[in-house]
Amino acid sequence: MLSYTGWHSWLKRVKKRLVLHVEALSIPCPNNNVQIVRKPRRAAGTENLRTADERPMVTTLPNDVFLPFAPDKPWLAPLAGWSDLPFRLLCRRFGAAVCCTEMISAKGLIYKSPGTAELFATCPEDGPVVVQLFGSEAPFMEAAAGQLRDKGFVWFDCNMGCSVPKVARTGSGAAMCKDIDNALAVAEALIRAAGRGRVGFKLRLGWDEPGRSPAAETWRVLEALGAGWLTLHPRTAKQGFTGTARWEYLSELKALVSLPVVASGDLFTAEDGVRCLAETGVDTVMYARGALRDPAIFKAHLDLLAGREPEVADVATLLARIREHARLARELSTEKVALLKMRTIVPRYIRHIEGSKQLRADIIACRSWDDFEKALHTFEAGKSSSE
């Protein structure tokens, strides 16, 4: 790892090679169009039995799209296993201004690992979308970004914050802060492939203690290299999701760079997001676990900023939301994948509802869409009869 003195030397070399260029807070997208390619329909009665190769795939990008950074433009975070196309579309309907894909392995993309292509499936309504890549080898990251650019994607996020062991063991994610020289080589490669201002970096405070990692210098160098924005989850990698996010570091980052700064960490409710904006001065917030608990967090966020009281969803509204998510999942995924996703996410939606324990158990146990709907109907009927 570079010493503090070494960091200043590195920063001087970077500034000699690069002209510091900061994109405006609203970054324009090149002129492209989106099209969805689908195979012909099957015989009548079998339309819903999709296979993996029948999912919508991108050919080119949305036209005249801007990447917004503003308090009233909340983002959906990249969520492994969760932020797929159906969930992104659901969040957009509630006001998510920008959505990130699940994190995608650069090597998985290059080597065409099974399931990788499904992670960047999109559609015209899914814009602007940011593709998150992870990997610790600059050539693979550059090649992966190049392939995605060829498919029409413009916006990218480099995962330098994931602390999950299977990611960190490869030197990727938050482990990149243990080898800053390599992390910056990866950053340069990604920016070279995608273009200045087109790549964001999702960061942690460091591996263990913030004071033992030259985070501030890293932030400045990323700006000099041509980063478009920085997202900070103000915890260390060792913390994972324990303890409390140290929002004071968000204020420090915002003061150090002229790039847009996106806040992450401990944004469980819309009230948390609005308070974070007020306390730190960041440009916008990125909801992760808060969105998994309630996709309508984006609408609540906008309501609070507008001085309105956020709506509290009743049981009927919540069940309608669940059914809409299920409809999107069935339309855009295979039957098996869609059902598995709903079995895991619905318990998050309903855990705060009194008397929902049996519904959670029934949803987790369901083996078909008939079972799924029966569980919802039984719960709905029970609630109606008790009112």
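One can find the structure itself at the top, above this paragraph.
As the structure is a prediction and not an experimental result, all values here were calculated from the model.

So what's going on with the side chain of arginine 235? Residues and values would help.
Secondary-structure assignment places arginine 235 in the loop between strand 11 (229–232) and helix 8 (248–256). Reaching out from arginine 235, the side chain makes a polar contact with the side chain of aspartate 266 at a distance of 2.6 Å. Setting aside its immediate chain neighbours within four residues, arginine 235 contacts Arg204, Leu205, Gly240, Phe241, Thr242, Gly243, Thr244, Ala245, Gly265, Asp266 and Arg289.

Which residues make up the packing of aromatic side chains, and what are the values?
For the structure on display, the rule yields seven aromatic pairs. With a centroid separation of 5.8 Å and 45° between ring planes, the pair formed by phenylalanine 69 and tryptophan 229 is classed as tilted. Placement of phenylalanine 69 in the loop between strand 4 (66–67) and strand 5 (75–76) and of tryptophan 229 in strand 11 is noted, with a sequence separation of 160 residues between them. We note that phenylalanine 69, like tryptophan 229, is buried. Arranged with centres 5.7 Å apart and planes meeting at 90°, the rings of tyrosine 287 and phenylalanine 298 form a pair that is edge-to-face. With a gap of eleven residues between them, tyrosine 287 in strand 13 (residues 284–287) and phenylalanine 298 in helix 11 (residues 297–305) connect regions that are remote in the sequence.

Would you mind going over helix 7 (residues 215–225) in detail, with residue names and values included?
Because an α-helix packs 3.6 residues into every turn, residues spaced three or four apart end up facing the same way. Counting buried residues along helix 7, nine of its eleven residues qualify, which places the element largely inside the surrounding structure. Looking at helix 7, one finds that the buried residues are Ala215, Glu217, Thr218, Trp219, Val221, Leu222, Glu223, Ala224 and Leu225. Trailing helix 7 by a residue or two, glycine 226 shows a phi angle of about 115°, which is positive.

Any details on the pattern of salt bridges? Residues and values, ideally.
Summed over all chains, the structure comprises 21 salt bridges. Ionic pairing is found between arginine 275 and glutamate 279, a salt bridge with its closest N-O pair at 3.5 Å. Linking arginine 275 with glutamate 279, this pair stays in helix 9 (residues 270–280), spanning four residues, or about one helical turn. The exposure class assigned to glutamate 279 is partly exposed, which follows from its relative accessible area of 48%. One network of salt bridges, in which partners are shared, links Arg93, Glu324, Arg327 and Glu331.

Talk me through the nonpolar core; I want residue IDs and the actual numbers.
Counting 116 residues, the largest nonpolar core has Phe201, Leu230, Ile322 and Phe372 as the members making the most contacts within it. Not counting residues up to four positions away in its chain, the partners in contact with isoleucine 322 are Met342, Val346, Tyr349, Ile350, Phe372 and Leu376.

Give me the lowdown on the pairing of strand 10 (residues 199–203), citing residues and values where you can.
With five of five residues buried, strand 10 lies mostly within the body of the structure. In this sheet, strand 10 lies alongside strand 9 (residues 155–160) in parallel orientation, the contact comprising five bridges. The residue of strand 10 that forms the bridge with asparagine 159 is lysine 202. The sheet contact formed by strand 10 and strand 11 spans four bridges and is parallel.

Give me the environment of lysine 73: which residues, what numbers.
As for its position among the elements, lysine 73 is in the loop between strand 4 and strand 5. On the basis of relative accessibility, which here comes to 33%, the residue lysine 73 falls in the partly exposed class. Along the chain, lysine 73 and glycine 95 lie 22 residues apart, while their C-alpha atoms are 7.8 Å from each other. Once residues within four sequence positions are removed from consideration, lysine 73 is found in contact with Pro68, Ala97 and Thr284.

Please provide a residue-by-residue account of the environment of leucine 277, values included.
Among the structural elements, leucine 277 can be located in helix 9. Accessibility expressed as a relative area gives 10% for leucine 277, which makes it buried. Residues leucine 277 and alanine 70, 207 residues apart in the sequence, show an inter-C-alpha distance of 9.8 Å. Beyond its immediate sequence surroundings of up to four residues, leucine 277 is in contact with Pro71, Val282, Asp283, Thr284, Val285 and His301.

Quick notes on the rules
- Each chain has its residues counted from 1, following the order in which its sequence is written.
- Only residues with pLDDT of at least 70 get local features here, since the model is predicted, and only at 80 or more are side-chain atom pairs given and counted; chain-wide, interface and lining totals rely on the full set of residues.
- Hydrogens and water are ignored here; the side-chain numbers use all heavy atoms of the structure.
- Each helix is a run of H or I in the DSSP string that is no shorter than four residues. Each strand is a run of E no shorter than two, and both are numbered from the N terminus.
- Whenever a nitrogen or oxygen atom comes within 3.5 Å of another N or O atom, the pair is scored as a polar contact, on the condition that within protein one atom can donate a hydrogen and the other can accept it, and that pairs from neighbouring residues in sequence are kept only if both atoms are in side chains.
- In this analysis, two residues are considered to be in contact whenever any of their non-hydrogen atoms come within 4.5 Å of each other.
- In summary, the pairing rule links any two rings of Phe, Tyr or Trp, Trp by its six-membered ring, whose centres are within 6.5 Å, and it sorts them by plane angle into stacked for under 30 degrees, edge-to-face for over 60 and tilted for everything else.
- Accessibility here uses a 1.4 Å probe with only protein chains present; expressed as a share of the type maximum, an area under 20% marks a residue as buried, one over 50% as exposed, and anything in between as partly exposed.
- A pair is scored as a salt bridge if a Lys or Arg side-chain nitrogen falls within 4 Å of a carboxyl oxygen belonging to Asp or Glu.
- In these notes, a set of buried Ala, Val, Leu, Ile, Met, Phe, Trp, Tyr and Cys residues joined through side-chain atoms within 4.5 Å is what counts as a nonpolar core.
- Any two strands between which DSSP finds at least two bridges are classified as paired.

Fair warning: the whole summary comes from geometry, so function is off the table for now.
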